[in-house]
Structure formats: C-alpha cells, structure tokens
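# Results of the structural survey
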Amino acid sequence: MARRFMWNARETRRSFLTRAAAGGGLLLAGCGERVGTREVNAPADVTLRIGPVLVDIAQDHTISAIGYNGTVPGPLIRLREGVPVTVELFNETDTPEFVHWHGQVIPADVDGAEEEKSLVVPPHGRLRYRMTPQPSGARFVHTHVMPMSDLERGTYTGQFAFVWIEPKNNPGRYDQEVFLATHEWEPFYTTEEMEDEDEGAPAKPPDKDATPNGWEIGYQRFTINGKCLGHGEPVRVKQGQRVLFHFLNASATENIKLALPGHRFQVVALDGNPVPHPDFVEVLELGTAERIDAIVEMNQPGVWILGTPKDDDRKNGMGIVVEYANRTGEPRWIAPPKRPWDYTLFGEARTAPQPDEVIPLVFGKINGGKGGFNRWTINGKAYDEKDAPRVLHKGRRYRLVFDNRTDDAHPVHLHRNGFELTNVYGKATAGVFKDVVLVKGFKKIEADVVPAMEGLTLFHCHQQLHMDYGFKLLFNVA
C-alpha cells in the first residue's frame, strides 16, 4: 500500500481550473467542491508542503531554506507502480512553485514544469490532482522554478525528496536499505571555472571563445541527507550484511564522486532502472539529478567515511560515517584510485536497433565575460519560449545525439521519458536506460527514445545555471 503523509494545517480557500489529463486521472481543485464522484477534501495519498525550514547541517550551523514538510530532504515517498494516487501540494511561500516528479512517465499537466504548461502551485495556495506512478525504481521530486540570478530559489533550496516506486515484483536480495541524498549550501558567485578531473580529458580546441568565462557557482558547505560529515547519525551496519544504497545527487549545479574505502559498489540500477550487467566499481560518479542503486557487501569491519574524493569538499561536509556494530574510533578515509566513470560497464556490448530518425543536439556556450552570465545554446540557439516545439511522434524511435562542444560537463535530462544509451564516447552499448546522462566536455553520447505519451516534453541541462541561461529545448509528442 502507498504510504500516506498526513499533515494537519489550515487550508487556504482557493479555486482552480479542473482539467482531465490523459493517463493521469482527474485533476482536482477547489476547497470543498466535488469533481466527479471524488470528494476533494478526502485525505490525499501524498501531501507536500512547500515552506520555510531550518536545517541544522552542523553543530551551531543552521541554514534557513525552503523545503518539503519541514525537513531536508523531504520525507521518503513510497508508491506502487501503476497504482493511482492523489497528490496535494500546499505552497506556504510568496512565489509560485512547480513540483516536478523527476523520472516518471506522467502527463505534462502534472509533470511540474512551466515550459510544459504544467499546473502551478500558487503563492499561499494549494493544488490537488491524481497521477499514476510509473515506472518503478528510484525517482525523486524537486522544484522546477527558474531562479536565474537568485541563489535562494530553485534547486539551490532544500526542495527535494526521494520517491521510491515499488516494482510489481521485487526479489529484495539485500539486508538493509539506505537512502542518501547529496546537496550543497551557501552558494556564491565565483569566477573560478569548474574543472573536469578525469584523466585523459581531450585538449580544448584552438578556436575556444576568447571572451572571459562568466559567473560560476561555488559552495561553502556540503551535506548528505542534510548533515555535514560527522554531524548526523552514522549508517549502522553489521558484518556480512548486503546493504542496498540508493544515492541521489540533489545538487543545483555540482557533479560528484563518492567512495567507501575498503568496499566496492555493485551497481544494480541507474536512474532507478535495473542495468543488464551489474558490475563492481570503487568510485561512483553522479551528475546533477542522477541516481545510482548499488549493493555493498559489508566485509571490512571498522568505522569508515563514505564521501567525496575531493579533500576540500569532504572537509566541508560531503560525507557520512559508516559504522560497523561493536566498532568505535575515528572514521577512516583512504583515497580511492582514479578511474574514469564508464556507463558501458553496465550495458550490453552490442549495437542498438537503427532509429527511425536521428536528432543532432549540439551544445554550445557563449562566454559571459567578467561580471556576466554565460549563455548556453542547443544547435546554435538559446531557449526562447516563443519558438514552436519540435514535433515527435509517439512510438517512433529517435536517436538523440548529445554533442558537447563546450568545456563543461552537462547532465542532460529528458522529461516524461527514459532513453537508452546506444553510444558512449565512441563505444557502442545497449540496455542501459536513464533519464539523465552526464556528457563530458568535448565528448559525444547517443541515446534512443521512443516517446510513449503525448504532450509537451522538456529537454534541458540539469545544471541550474545552465538551464536558467538558455540550455533548454521543448518537444511536443503527437
């Protein structure tokens, strides 16, 4: 049964437009009115309150932010695949909000993106609707507001929560389940460019834009599940356990790596989708909004740090203690080996079927110069809401060619659909399905999508600053 999150508070009396969404049931609105045979004031299956929250990330260090239901991350939302639920959203802030159900195949009305003409949660108002959770696996929910230069809105805040959609058949070959979400706090503007640490990165082209780079984002504090390293409860384990870790990169702008010294991660799912060939790695890499499910066999008793290999970021909080039963002492950290992250480890070494159409998506950058913001383009053009969406046809197989001609890594995301990786940096692969893929600088990844549901579908870089300043494209599935 779906878990219900019930919160007692006075509801603001407002009326909204009632719509019907194909595949998603009726959208319900208005205090005390009846739509069809469903009473609007009946308890919702999922209730989220968008409002101020104080986050004690460390001793004597509290962050004031916006979150869900008074916590950061928001409450774990467990749903069942294919079982419809009623969702109720309350906005206790002074600005409109969008709540995006990331990774789910649901109608555009309830997907939670302004570009898709989704329903808005008005200031000091509420919104109620029905939806059918799908597919199963690790999804999440987060704000989809475009904050532009305001570092106290959008994904810079604490508006994110795990969504776990129970599969219809779950063998459950693990002893313990742990959900861990990374996030950064106290963002600031900087002129320092972000560097790709991968070995063997291609040289920058000679025709690189001579204009100075524009603003980047830096952070002062780093957390896992809202706590800096050493300030939250440890992950407590026993020797011999198989622990299923669900990792979520809930950052606004940062791509991260994570390691657990003395242990290996057996990656079993990417973005909530089981991989054809689970394989072992010592270091995980997650672009913004990516999720990884990995099993760790607890066979190295001790007290360890699960954290980022970046020393400065780890010292500023990006880690969590893993503590074996009956073990004490200072948590240990051992730097892991440097190896490039490779999606194809988990896929099938074969060529995917030929697509019906190939769509090149060339990523470009126009440097903003000193004191300015960079602009981002797809196929030479920044997003313009006046442009007509590109039409896709339901059921056709499209090959999206993510051609990154910038020196930045881009975690690109397609709403309301998953895609299958077919070529990663020149290496053919198949069977790995995702909704976000991290495309490194001056590299190319190809992915196939077969749209399953009609309506507007947004494609964008999940790096908040890139998305805000042009890195978006709208499709319309007919």
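Conventions and cut-offs
- Residues numbered from 1 in each chain as written.
- Predicted model: local features only at pLDDT ≥ 70, side-chain atom pairs only at ≥ 80, totals over all residues.
- Heavy atoms only, no water.
- Core = buried A, V, L, I, M, F, W, Y, C linked by side-chain atoms within 4.5 Å.
- Buried < 20%, exposed > 50% of the residue type's maximum accessible area, 1.4 Å probe, protein only.
- Helix = DSSP H or I, 4+ residues; strand = E, 2+ residues; numbered from the N terminus.
- Salt bridge = Lys/Arg side-chain N within 4 Å of Asp/Glu carboxyl O.
- Phe/Tyr/Trp six-rings, centres within 6.5 Å; stacked < 30°, edge-to-face > 60°.
- Pairing = 2+ DSSP bridges.
- Axes fitted to C-alpha atoms, helices over the stretch in contact; angles between N-to-C directions.

### Digging into the nonpolar core
- The biggest cluster of nonpolar side chains holds 65 residues, and the ones touching the most others in it are F245, F402 and F459.
- Per-element accounting of this core gives the leading share, 4 residues, to strand β14 (residues 216-224).
- Residues L119, Y129, M131 and V141 belong to the second largest nonpolar core, which totals 23 residues.

### Observations regarding the pattern of salt bridges
- On inspection of all chains with the given rule, the structure shows 29 salt bridges.
- One salt bridge connects R78 with E166, and the closest N-O pair in it is separated by 2.8 Å. Placement of the pair is R78 in strand β7 (residues 77-80) and E166 in strand β12 (residues 160-166), with a sequence separation of 88 residues.
- Assessed through its relative accessible area of 23%, E166 is described here as partly exposed.

### Looking at the packing of aromatic side chains
- Scanning the entire structure with this criterion turns up 14 aromatic pairs.
- Pairing Y189 with F373 gives two aromatic rings, centres 5.6 Å apart and planes at 80°, and the pair type is edge-to-face. Highlighted residues: Y189 in strand β13 (residues 176-190) and F373 in the loop between β24 (357-366) and β25 (375-378), separated in sequence by 184 residues.
- Between F245 and F247 the ring centres are 5.5 Å apart and the planes differ by 15°, which places this aromatic pair in the stacked class.
- Among the residues examined, F247 registers a relative accessible area of 2% and is labelled buried.
- Within the aromatic cluster, the residues linked to one another by ring pairs are F363, F402, F419, F459 and F471.

### Remarks on the sheet that holds β13
- Ordered in space as β14-β13-β16-β21-β18-β19, the 6 strands form an open sheet in which the pairing is mixed. In this open sheet, the two edge strands, each paired with only one partner strand, are β14 and β19 (273-281). Each adjacent strand pair in this sheet contributes to an overall mean axis angle of 25°, direction not counted.
- Note: strand β18 (residues 265-270) against β19, 5 bridges, orientation antiparallel. Within β19, the residue paired with L270 across the bridge is N273.

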